[in-house]
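Given next are the chains, with one letter for each unit.
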Amino acid sequence: MGFVEGGGDKGGCFIGGMKSLVRRKQVDSANSKSSSAAGSSHQLAKALTIPHLITIGVGSTIGAGVYILVGTVAREHSGPALTISFLIAGIAAALSAFCYAELASRCPSAGSAYHYSYICVGEGVAWLIGWALVLEYTIGGSAVARGISPNLAMLFGSPDSLPFFLARYTIPGLNLTVDPCAAILVFLVTGLLCVGIKESAVVQGFVTSVNVCVMAFVIVAGGYLGYKAGWPGYELPVGYFPYGVNGMLAGASTVFFAYIGFDSVASTAEEVKNPQRDLPMGIGFALSICCSLYMLVSAVIVGLVPYYAMDPDTPISSAFASHGINWAAYVITIGACTSLCSTLMGSIMPQPRILMAMARDGLLPPFFSDVNKRTQVPVKGTVATGLLAGTLAFFMNVEQLSGMVSVGTLLAFTMVAISVLILRYVPPDEVPLPSSLQEAIDSVSLRRSGCSSSSDIDVENTKIPTVTSGDSTPLLGEISSGHPLVEKAASRLSYLVRQRRKVAGWTIMFTCIGVCIVTSTASIVSLPNPARYALSGIGGFLLLSGLIVLTCIDQDDGRHSFGHTGGFICPFVPLLPIACILINVYLLINLGGATWARVSAWLVIGACIYALYGRTHSSLNSAVYVPATHVDEIYQASAHSLTC
């Protein structure tokens, strides 16, 4: 029946090492969780509901950047069309949100994109995604913390008004500016996250509510001022698109990063009471609220002041000051401080859960997988995360490293979209089971082999299968034989149907290659025109061909039983995931060479750690791979043998 050992790697041979990169783990189902319950100390608390998830998503997404981003993007790219830029960026972010929603409801375990990549793509890619996410949340949390102290100081009147033990100061001779306030805030947030996930979500909900109230003040008060003044920002001779449609699209690509953060909701999947219902709704509502607030704030601010006269550093406060409302600067500063604090919590919260998921799989030391008995959170991993982020926030000015945050997020978005395509067209047909179930596996193997030998199937006399789109709508009816050309076409069609999984797998790979070629040629301005046109044609052909093939062939029936059922189903597959991949890869390529050089160094370090530790300690080394259709039967046989 094809049961094979998943370990391999004996003697450290090259083939075994390559196989370890593509081996995939099983979805954490009720059977697998119950079988591993005895070996795990404690589980995460099932405490989160839809309101908690919305506050986590909104709090992690709406940072203080919106209070600055409005002025910069309006002046340099969009002009009065900034609202449309936010709308387009929100739609682009929604493509990733749809993919996250399906995978989060089907695979509701800690780890987010790392977990999905491990199940759908393989161990090597999953490790790199998890390692990139560790970098994202560490640098992101440190950068956010460094931005809080200047805003706090402004509340007291000047940048130097903080108490001496909180104020920034430069160490003589080292040219090093330390920030005690940033480190203290990181440690406070770390302590709060150790108390419990529900308590953390309640506090984040309060802080996020204050930020939303400030944005509501900007919308209502600014709308009133704009109505009284006649909206001077829109009465311009250059029109609504001073930089053209290209400028508006460039603004959309810039403000897209204002939507980064909703993936924090997926990282808490294991702590959600009803993940099949609550996770998709939490992600969807959070993204909708953020997009609405962004659009309303931008529409008001660009209407109060002409885009060319906006202050790029304090656009909202200066817009109110131009209408005589100077005290609004204090309200805006409060909103900036609360948004930064909420984003700080959203940056630190996911990382311990990703570390925990990687440690559970054996790719990291078991230290990170411990869950506290009383608080039911990974306290050790949270403390380690807080210490690292707090140290970086104290010693380093990490603003120059902030681009690395975007790399981790965009890599995760891209891999989640690819995982949706794999789930639909080539879901794993073999899954790993622990070697402790070997007796049950052998009994099911004997039973299955006996059944198959007694009922052989005559393949030659089988009818040519019908090619369908979806589950029931036929594209081609039953093909009648008679004419030689018809019989030849029918035989070719029959072969393609039988090889559907291989065709789908190769098509997904070539589609991704086409995306990389198209986005690269569109981004490299130094490329000669003949080479650009040739490469664009090749990439476009691969991309369009892949889209057409995946649209025409049937999706795999195994998708119905993949993971947990009854959750959200991503619409418009394969168009939506492919569009998501195209957008994210384009943004990745345009992040700049310096950013990619830093990220590459980090990924090389991660690859070395995986080669020296993760690959040899992976829980899949001793796993036994069995057909996915036999898993339930094996667990039932194991349970029966235990009761006898």
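Residues numbered from 1 in each chain as written. Predicted model: local features only at pLDDT ≥ 70, side-chain atom pairs only at ≥ 80, totals over all residues. Heavy atoms only, no water.

Per an unreviewed UniProt entry, the protein goes by Cationic amino acid transporter 2, vacuolar and derives from Capsicum baccatum. The heading Subcellular location (unreviewed entry) in the UniProt record of the protein holds the text "Membrane". (UniProt positions renumbered as here; feature names shortened; annotations may be inferred.)

K.L.:
So, the pattern of salt bridges: which residues are in play, and what are the values?
P.N.:
Scanning the entire structure with this criterion turns up 12 salt bridges. For the salt bridge of R277 with D278, the shortest nitrogen-to-oxygen distance reads 2.7 Å. Judged by its relative accessible area of 47%, R277 is partly exposed. When salt bridges that share partners are traced, they join D429, R500, R501 and D556 into one network. (Salt bridge = Lys/Arg side-chain N within 4 Å of Asp/Glu carboxyl O. Buried < 20%, exposed > 50% of the residue type's maximum accessible area, 1.4 Å probe, protein only.)

K.L.:
So what's going on with the nonpolar core? Residues and values would help.
P.N.:
Of all hydrophobic cores here, the largest spans 155 residues; its most connected members are Y67, Y100, I301 and L344. Among the elements that line this core, the one with the most residues is helix 18 (residues 403-425), at 15 residues. With residues up to four places along the chain from it excluded, the contact list for I301 reads V70, V218, M310, P315, I316, A319 and F320. Residues L433, V444, V624 and Y635 belong to the second largest nonpolar core, which totals 12 residues. (Core = buried A, V, L, I, M, F, W, Y, C linked by side-chain atoms within 4.5 Å. Helix = DSSP H or I, 4+ residues; strand = E, 2+ residues; numbered from the N terminus. Contact = heavy atoms within 4.5 Å.)

K.L.:
I'd love a proper account of the packing of aromatic side chains, names of residues and values included.
P.N.:
The tally for this structure, following the rule as stated, stands at 23 aromatic pairs. The interplanar angle of 10° and the centroid separation of 4.5 Å between the aromatic rings of W131 and W602 together place this pair among those described as stacked. Taken together, the residues span a long stretch of sequence, with W131 in helix 7 (residues 123-146) and W602 in helix 24 (residues 593-617) at a distance of 471 residues. The exposure class of W602 is partly exposed, given its relative accessible area of 23%. With 5.8 Å between their ring centres and 15° between their planes, F217 and F320 make a pair best called stacked. Taken together, the positions of F217 in helix 10 (residues 197-229) and F320 in helix 14 (residues 315-321) put the pair 103 residues apart, joining distant regions of the chain. We classify F320 as buried; its relative accessible area is 0%. One aromatic cluster is present, formed by Y100, Y116, F256, F257, F262 and F413 through successive ring pairs. (Phe/Tyr/Trp six-rings, centres within 6.5 Å; stacked < 30°, edge-to-face > 60°.)

K.L.:
I'd like to hear about helix 3 (residues 50-61), residue by residue, with values.
P.N.:
An ideal rise of 1.5 Å per residue puts 16 Å on 12 residues; helix 3 measures up with 16 Å between its terminal C-alpha atoms. Three or more residues of helix 3 are buried, namely I50, H52, L53, I54, T55, I56, G57, V58, G59, S60 and T61. Next to the buried residues of helix 3 lie helix 10, helix 12 (263-267), helix 13 (275-304) and helix 15 (328-348). (Expected span 1.5 Å × (residues − 1).)

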